[in-house]
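Chain by chain, the residues:
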Amino acid sequence: MIKKFLMGMAFLLVLNSCAHSEIKEFKRFSIDVPEDWTSTEYPDADTVSLIANDKTSSMSITITPTGGTGLREIAGAYMKELKATDSELNPDGAYIFQFNNGLSHGILRGFDNGDYYMLVVLTGINNDDDPFSKILSSLEIK
């Protein structure tokens, strides 16, 4: 009896989690957008912004060709433009940088043999209910 109850509860949790998001297709990728977030695509900038409806968190994702420029130079330009205070190159090849406001950080990663890069800027409350990892884990590059 308890086993059936637990199986039923697990099934309801799965249904509940599926009902609170929607996979959205954009120019260069698809991503699972939570029900309580709004997405806007800026095709001329190859950028999509996702904003929590309560305005506590946001992210932008840019995927665009490198134009032959190296990731180090691209990271430096973004750091200057966005007034980042610190940067490090992870062993997996991603540049991670922090911004002055203390709530934002960026991740810059190259792919397709360096022909494209992806910049993700995350802003918001860092707590145990981290929406960013859930959203980013659903990202599928086209």
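Every value quoted in this text rests on a predicted model; they were computed, and no experiment measured them.

## Digging into the sheet that holds strand S1 (residues 21–25)
The strands making up a sheet associate through backbone hydrogen bonding, with each pair oriented either parallel or antiparallel. Taken in spatial order, the 3 strands make up an open sheet running S1-S2-S10, and their pairing is antiparallel. With partners counted over all chains shown, the strands left at the sheet margins are S1 and strand S10 (140–141), one partner each. As paired elements, S1 and strand S2 (residues 29–34) share 5 bridges and run antiparallel to each other. Bridge assignment links Lys 24 to a residue of S2, and that residue is Ile 31.

## Points about the pattern of salt bridges
Where charged atoms from two side chains of opposite charge come close, those side chains can pair. Enumeration according to the criterion identifies 3 salt bridges in this entry. Between Lys 142 and Glu 25 there is a salt bridge, and its shortest N-O distance comes to 3.1 Å. A residue pair is termed long-range when its members are at least 10 positions apart, and Lys 142 in the segment after S10 and Glu 25 in strand S1 qualify at 117 residues. Owing to a relative accessible area of 53%, Glu 25 belongs among the exposed residues under this scheme. Several salt bridges converge on common partners, so that one network encompasses Lys 27, Arg 28 and Asp 46.

## Remarks on the sheet that holds strand S7 (residues 95–99)
Taken in spatial order, the 7 strands line up as S3-S4-S5-S9-S8-S7-S6 in an open sheet, and their pairing is antiparallel. Each edge of the sheet is formed by a strand with only one pairing partner; in this case those strands are strand S3 (37–42) and strand S6 (84–89). The sheet shows a mean angle of 15 degrees between the axes of neighbouring strands, direction not considered. Bridge count for S6 against S7 is 5 bridges, and the pairing is antiparallel. If you follow Ala 84 over to S7, its bridge partner there is Phe 99.

What counts and how
Residues numbered from 1 in each chain as written. Predicted model: local features only at pLDDT ≥ 70, side-chain atom pairs only at ≥ 80, totals over all residues. Heavy atoms only, no water. Pairing = 2+ DSSP bridges. Helix = DSSP H or I, 4+ residues; strand = E, 2+ residues; numbered from the N terminus. Salt bridge = Lys/Arg side-chain N within 4 Å of Asp/Glu carboxyl O. Buried < 20%, exposed > 50% of the residue type's maximum accessible area, 1.4 Å probe, protein only. Axes fitted to C-alpha atoms, helices over the stretch in contact; angles between N-to-C directions.

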